[in-house]
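Residues per chain are reported as follows:
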Protein chains: 2
Amino acid sequence: MEHLDPVILVSHRGPLQHRLEGGRRVAERGAGGLVTALSHLADHLEEATWVCAALSEEDEAVAAEAPGGFPLDAGRSGVRVRMVPVDAEAHRRFYGVIANPLLWFIQHSLWDLAVAPDITAEVLDAWEAGYRPVNERFADEVVQEVAARGGRATVMVHDYHFYLLPALVRDRCPDVFVHHFVHIPWPQPDGWRVLPPTLREAVFTGLLGCDAVAFHTERYARNFLLGCQELLGLPIDLAALTVDTGRRQVAARWYPISVDAAAFDALAASPGVRRAEEELVATRREHLVVRVDRTDPSKNILRGFRAFDLLLSEHPELAKRVTFLAFLQPSRQDVGEYADHTEAIRRLAADVNQAHGTPDWQPIDLRLGEDLDFAVAAYKQFDVLVVNGIFDGMNLVAKEAVLVNQRDGVLALSENTGAHEELGAFAVTLHPFDLVQQADALYRALTMDRAERKDRREACAAVVRENDVTKWFRRQLADLEELRAGDG
Amino acid sequence: MEHLDPVILVSHRGPLQHRLEGGRRVAERGAGGLVTALSHLADHLEEATWVCAALSEEDEAVAAEAPGGFPLDAGRSGVRVRMVPVDAEAHRRFYGVIANPLLWFIQHSLWDLAVAPDITAEVLDAWEAGYRPVNERFADEVVQEVAARGGRATVMVHDYHFYLLPALVRDRCPDVFVHHFVHIPWPQPDGWRVLPPTLREAVFTGLLGCDAVAFHTERYARNFLLGCQELLGLPIDLAALTVDTGRRQVAARWYPISVDAAAFDALAASPGVRRAEEELVATRREHLVVRVDRTDPSKNILRGFRAFDLLLSEHPELAKRVTFLAFLQPSRQDVGEYADHTEAIRRLAADVNQAHGTPDWQPIDLRLGEDLDFAVAAYKQFDVLVVNGIFDGMNLVAKEAVLVNQRDGVLALSENTGAHEELGAFAVTLHPFDLVQQADALYRALTMDRAERKDRREACAAVVRENDVTKWFRRQLADLEELRAGDG
């Protein structure tokens, strides 16, 4: 990849975050699937700048000291990090009103349209004084980086925080190659009609500043093109996966994101995970059903509990023999809907335990918290992993867990996750709204014979190993080369 | 049209309903846009049988006396009516669980997917012991009618109650021409993923028993074909608007339904309407904003009140000069969500009146009831008609009202109604989720100069007169001829 132009990565969260500890500045690696994947990507680049938001006070101090960026890993990796300070009020509007929940809910089909959202002056102000200026601010930084590289660069923008940025960069740097990766579902055109035309057209025309817009699945890429056709009236080619803006062809592409298999194997073998696993092994029953998720409504945690409730009612023979370990990371608890949702999860788990439990057996073991070692221990120990999301861009939990599982556990996977396109053939498919089918599928998974479990688990793991995160970015870079060659 | 085969119409509600009055049987003409339109259609057919459900006790008595049907209008029209008795429990499941709310909510994008619907045993039972057997029962009646006509007939099925029927008829009568008209929106493919695959595939394969499936707009026809492609994997042709089932080509067509302009003019001039109008004229203020709707969440009544609230806050000069007359027909009040929704409407109207009203002026004049004369009087008197639906198959209120309005009233019309494709160019467009835009649009409509109002209203009325209900069914019959000729 030595022939690649310098890469400018853009994402909201960066590879590290700074904080003060006893008066000293400490840098911590960022968590989350996207940042982990991008960190791997950056490791493979000879020359890259990662533009990200200064999210902590100490990040802002770093940004003030080094406005042009600083080397990551003391220069070992060839990656520089450029942290962008953002006005707190603009950031709140950008992040807390527009990106989450407005765009997140639209893209996961989560709005209860009869009553929400209302596009109010607050929302429109958040767009004009939050989402747009933050995109403009980041575009400025990218343009400066491009200029510092003599006008040649490949700009790789990530996720729903920066839909306006590609066109802003394109206007000022017509010759750079601009690529945007959307990590969440792309809904069908009507989903975008929640936004008034000016806003939804800004989303699409912003992205059409790209040379290529990438998604996790072909379905999302198709939906994007259909949106260009229906909402902007542009001609599309669903076979070639392109849209004609009148000035340029823009390609829609799909690359399923994945995990670093070797790193995950190492983590699974680490002392911290082993300790957590020992605790689990000591207390587990015959069957262990597991889910590991943020408490986001898109994850469909309530229907998972209801289906489990139904399973226990229909199969009293499972009493005391099965536990549903739900290890949930409370998410966005400062947002009312999210706090209410977590409370509903607690209540429903308590109800199911009340209905089916005994003094020495709680059917649902609900744990709210964040502990990667414990999560990976649960991955190793599950007999059935429940991933029943309503809509989910990819779902990396499914990929991580099948990789390290030690019990030939069965993956029970929603048809509406991106991961289902790769793993559906070896998983037990879940229909996320159908409680009866989910209960039946859980029963089938729990009673599947060992040989079939083994075949399926190994097939899943082989797919993940084969299509790991390295392949994810190699394919993108190869396509970039090809698309750019086609341009010249 | 004399060369047309005998027509067999199928719809849930029929052209009339029987009841006992003082011991005598009385037949009343059915109400509602669909039945009215079909009645006109039937009037133009030389030989037709209308198969419909026996909905009252007296309908069942009629069905028992005349299982093969009876002549409508004492034989003047050439139309026979065949009422089908349906087991009460099967009908409850068919109508009250599957058709409404399940299909209705899917097709209007009204489910709050984070929490509803749950596909439970009750829903699956309602399908197996309600929706399917009622469709089979009606298919039996249609097959008998076809047999009675020597095997040649054109079967025209209507609406979301009978998605399974076309394939059931096709299996047993391969040579009849089967046509299905869907009167509500057809959502994009993901909308159908709320149903488990067996159910959603049954909907699509049921309709694919047709020769042609018809909708109100091209957008819905397209969505249907995209669903055939995405959910069934069938090849489609979006230019020709066809899908290839492997055995046959099925055409998707679109014909915007309309009203009978002459009949509506006559109604508007009737003494009952004039009396209601006098009352309105005597009490109206300078500006009269009107809406006439069922209290269905798809109608977006709450956001309409919120936008009006915002208008009054932003334009205090309108105080005492404007009234928003909301004439609403309580709908499905036996269903909890609908009763709650009506209560929310009452509360919000009271809040707005509390906030802005004065001892002698209530900004929102909320009237719950059913009174066609009063509704038409309001059509004649409005200065602005609000039709801000979330999603609405057509919306005939818009078409009726512009026809008879006497004040060059402005139509404020949601972009998500079927009617917007025809009338949008002359209406003030509403973005149904955007309160700011709706308030601005109301202000613009209220302050528009008289000449522009007149031009727009006349253009709307001309479109409706030109594309009236006669044209709606003439176009369908002409297409039937053409499609059938193509078959031969």
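Residues numbered from 1 in each chain as written. Chains lettered and ligands numbered in written order. Predicted model: local features only at pLDDT ≥ 70, side-chain atom pairs only at ≥ 80, totals over all residues.

**Quick look at the overall build of chain A**
Here is step 1 of the chain: Helices and strands together make up the secondary structure of chain A, namely 17 helices and 18 strands.
Here is step 2 of the chain: Over its C-alpha trace chain A gives a radius of gyration of 23 Å, about what one expects of a compact globule, namely 23 Å for 488 residues.
Here is step 3 of the chain: Summarising its shape, the C-alpha atoms of chain A cover approximately 70 × 50 × 40 Å along the three principal directions.
Here is step 4 of the chain: Looking at chain A as a whole, 53% of its 488 residues are labelled buried.
Here is step 5 of the chain: In chain A, the proportion of contacts linking residues at least 24 apart, taken out of those at least 6 apart, comes to 76%. (Helix = DSSP H or I, 4+ residues; strand = E, 2+ residues; numbered from the N terminus. Rg over C-alpha atoms; globule rule 2.2 N^0.38 Å. Buried ≥ 20, exposed ≤ 12 C-beta atoms within 10 Å, placed from the backbone. Contact = placed C-beta atoms within 7 Å.)

**A few points about unusual backbone geometry**
Here is step 1 of the chain: Across the junction of Asn100 of chain A and Pro101 of chain A, the peptide omega takes the value 10°, indicating a cis bond.
Here is step 2 of the chain: Mapped onto the fold, Pro101 of chain A is located in helix α3 (residues 88-107).
Here is step 3 of the chain: Looking along the chain, the bond that leaves Ala116 of chain B and enters Pro117 of chain B is cis, with omega of 0°.
Here is step 4 of the chain: Within the secondary structure layout, Pro117 of chain B lies in the loop between α3 (88-107) and α4 (121-148).
Here is step 5 of the chain: Positive phi is not limited to glycine here, since Ser109 of chain A has a value of about 55°.
Here is step 6 of the chain: Here Ser109 of chain A shows up in the loop between α3 and α4 (121-148).
Here is step 7 of the chain: Phi at Asn395 of chain B is positive, roughly 80°, even though this residue is not glycine.
Here is step 8 of the chain: Mapped onto the secondary structure, Asn395 of chain B falls in the loop between β16 (384-387) and α13 (396-404).
Here is step 9 of the chain: On the basis of neighbour counts, which here come to 24 C-beta atoms within 10 Å, the residue Asn395 of chain B falls in the buried class.

**Things to note about the sheet that holds strand β13 (residues 287-294) of chain A**
Strand pairing in a sheet relies on backbone hydrogen bonds. The paired strands run either parallel or antiparallel.
All names here are of chain A.
Here is step 1 of the chain: Pairing within the open sheet is parallel, and its six strands lie in the order β15-β14-β13-β16-β17-β18. The open sheet terminates on both sides in strands that have one partner only, identified here as β15 (364-368) and β18 (428-430). Adjacent strand axes in the sheet meet at a mean angle of 20° when their direction is disregarded.
Here is step 2 of the chain: Pairing of strand β17 (residues 410-414) with β18 involves three bridges; the strand directions are parallel. In the strand pairing of β18, Leu413 is matched with Thr429. (Pairing = 2+ DSSP bridges. Axes fitted to C-alpha atoms, helices over the stretch in contact; angles between N-to-C directions.)

**What about the relation of the copies chain A and chain B?**
Here is step 1 of the chain: Superposition record for chain A on chain B: RMSD 0.0 Å, screw rotation 180°, translation along axis 0.0 Å. The two molecules are tied by a two-fold rotation axis, judged by turn and shift. Relative to the rotation axis, the closest C-alpha in chain A is found at Asp112 of chain A, a distance of 2.1 Å.
Here is step 2 of the chain: Of the residues that chain A buries at the interface, 100% are likewise interface residues in chain B, meaning the two copies contact each other through the same surface. (Least-squares fit on C-alpha atoms with pLDDT ≥ 70 in both.)

**With respect to the pairing of strand β8 (residues 177-181) of chain A**
Residues and elements named next belong to chain A.
Here is step 1 of the chain: Of all five residues in β8, five are buried, a share of seventy percent or more.
Here is step 2 of the chain: Side-chain alternation along β8 places Phe177, His179 and Phe181 on one buried face and Val178 and His180 on a second face that is also buried.
Here is step 3 of the chain: Pairing geometry for strand β7 (residues 154-158) and β8, over five bridges, is parallel. By the bridge assignment for β8, Val155 is matched with Val178.
Here is step 4 of the chain: Between the parallel pair β7 and β8, the chain is carried across by helix α5 (residues 165-172), and the sense of this crossover is right-handed.
Here is step 5 of the chain: Looking at chain direction, β8 and strand β9 (residues 212-215) are connected through three bridges and run parallel. Its bridge partner lying in β9, His179 is registered against Ala212.
Here is step 6 of the chain: In this fold, β8 hands off to helix α6 (residues 197-207), which returns the chain to β9; that crossover is right-handed. (Right-handed = clockwise from strand over helix to strand, strands pointing away.)

**Focus: the interface of chain A and chain B**
Here is step 1 of the chain: Listed by partner, the interface residues are 30 residues for chain A and 30 residues for chain B.
Here is step 2 of the chain: Those elements giving two or more residues to the side of chain A that touches chain B turn out to be α4, α10 (301-314) and α15 (435-446) of chain A.
Here is step 3 of the chain: Sorting elements by how many residues they give to the side of chain A that touches chain B places α15 of chain A first, with three residues.
Here is step 4 of the chain: When grouped by side-chain class, the residues that make up the side of chain A that touches chain B number 17 nonpolar, six polar and seven charged. (Nonpolar A, V, L, I, M, F, W, Y, C, P; charged D, E, K, R; others polar.)

**Quick look at the environment of Val62 of chain B**
All names here are of chain B.
Here is step 1 of the chain: Here Val62 is to be found in helix α2 (residues 57-65).
Here is step 2 of the chain: Looking at Val62, the number of C-beta atoms within 10 Å reads 22, which means it is buried.
Here is step 3 of the chain: Each C-alpha atom of the pair Val62 and Arg25 lies 9.5 Å from the other, and the pair is 37 residues apart in sequence.
Here is step 4 of the chain: The residues touching Val62, leaving out its near neighbours within four places in the chain, are His18, Ala54, Phe70 and Met83.

**Observations regarding the packing of α4 of chain A against α5 of chain A**
All names here are of chain A.
Here is step 1 of the chain: The interhelical angle for the contact between α4 and α5, taken along N-to-C directions, is 40°, at an axis separation of 9 Å. Relative to α5, α4 is oriented oblique. Crossing handedness for the pair α4 and α5: right-handed. Where α4 abuts α5, its residues Asn135, Glu136, Phe138, Ala139, Val142 and Val143 lie against Leu165, Leu168, Val169 and Arg172.
Here is step 2 of the chain: Tallied by class, residues from the contact of α4 with α5 come to seven nonpolar, one polar and two charged. (Parallel < 35°, antiparallel > 145°, perpendicular 65-115°, else oblique. Left-handed = near helix turned anticlockwise from the far one by under 90°.)

**What about α13 of chain B?**
Here is step 1 of the chain: Burial runs high along α13 of chain B: eight of the nine residues are buried.
Here is step 2 of the chain: Regarding α13 of chain B, the residues found buried are Leu396, Val397, Ala398, Lys399, Glu400, Ala401, Val402 and Leu403 of chain B.

**Things to note about the domain arrangement of chain A**
Residues and elements named next belong to chain A.
Here is step 1 of the chain: Domain assignment breaks chain A into domain 1 (7-257 + 470-487) and domain 2 (261-466).
Here is step 2 of the chain: For domain 1 and domain 2, the distance between their C-alpha centroids amounts to 31 Å.
Here is step 3 of the chain: Tallying the contact residues gives 13 residues for domain 1 and twelve residues for domain 2.
Here is step 4 of the chain: Of the residues in the side of domain 1 that touches domain 2, the class split is six nonpolar, seven polar and no charged. (Domains from an automatic or database assignment.)

**What about the environment of Pro196 of chain A?**
Here is step 1 of the chain: Within the element layout of this structure, Pro196 of chain A appears in the loop between β8 and α6.
Here is step 2 of the chain: Residues Pro196 of chain A and Ala282 of chain A, spaced 86 residues apart in sequence, show a C-alpha to C-alpha distance of 56 Å.
Here is step 3 of the chain: What Pro196 of chain A contacts, discounting residues up to four positions off in sequence, is Ile119 of chain A together with His431, Asp434 and Gln437 of chain B.

**Focus: the packing of α13 of chain B against helix α16 (residues 450-466) of chain B**
All names here are of chain B.
Here is step 1 of the chain: Look at α13 against α16: their axes get within 8 Å of each other, and the N-to-C directions meet at 120°. Here α13 and α16 pass one another in a crossing that is left-handed. Side by side, α13 and α16 meet where Lys399, Val402 and Leu403 of the first sit next to Arg457, Cys460, Ala461 and Val464 of the second.

**Quick notes on the pairing of strand β4 (residues 48-53) of chain A**
All names here are of chain A.
Here is step 1 of the chain: Among the six residues of β4, six are classified as buried, and the element is accordingly described as predominantly covered.
Here is step 2 of the chain: Along β4, one buried face is formed by Ala48, Trp50 and Cys52 and the opposite face, lined by Thr49, Val51 and Ala53, is buried too.
Here is step 3 of the chain: Here four bridges tie strand β1 (residues 7-10) to β4, and the two strands are oriented parallel to one another. Its bridge partner lying in β4, Ile8 is registered against Thr49.
Here is step 4 of the chain: Relative to strand β6 (residues 79-84), β4 is paired through six bridges, and the arrangement is parallel.

**A short note on helix α10 (residues 301-314) of chain B**
Residue and element names in this part refer to chain B.
Here is step 1 of the chain: When the terminal C-alpha atoms of α10 are compared, their 20 Å separation across 14 residues agrees well with the 20 Å that a helix rising 1.5 Å per residue should span.
Here is step 2 of the chain: Judged by how many residues are buried, α10 sits mostly within the fold: ten of 14 residues are covered.
Here is step 3 of the chain: Buried residues of α10: Ile301, Arg303, Gly304, Phe305, Ala307, Phe308, Asp309, Leu310, Leu311 and Leu312, and no others.
Here is step 4 of the chain: Tucked inside the fold, the buried residues of α10 contact β13 (287-294), β14 (322-329), α11 (336-356), β15 (364-368), β16 and α15 (435-446). (Expected span 1.5 Å × (residues − 1).)

**Concerning the sheet that holds strand β6 (residues 79-84) of chain B**
Here is step 1 of the chain: The ten strands are arranged β5-β6-β4-β1-β7-β8-β9-β12-β11-β10 (chain B) in an open sheet whose pairing can be described as mixed. Only two strands of the sheet have a single neighbouring strand rather than two, namely β5 (70-71) and β10 (236-237) of chain B.

**Digging into the environment of Arg172 of chain B**
Here is step 1 of the chain: Relative to the elements of secondary structure, Arg172 of chain B occurs in helix α5 (residues 165-172).
Here is step 2 of the chain: For the pair formed by Arg172 of chain B and Ala139 of chain B, sequence separation is 33 residues and the distance between their alpha carbons is 9.3 Å.

**Some details on the confidence of the model for chain A**
Here is step 1 of the chain: Across chain A, the average pLDDT comes to 95, with 99% of residues at 70 or higher.
Here is step 2 of the chain: Among the prediction metrics, the complex's ipTM stands at 0.94, with pTM recorded as 0.96. (pLDDT = per-residue confidence, 0-100.)

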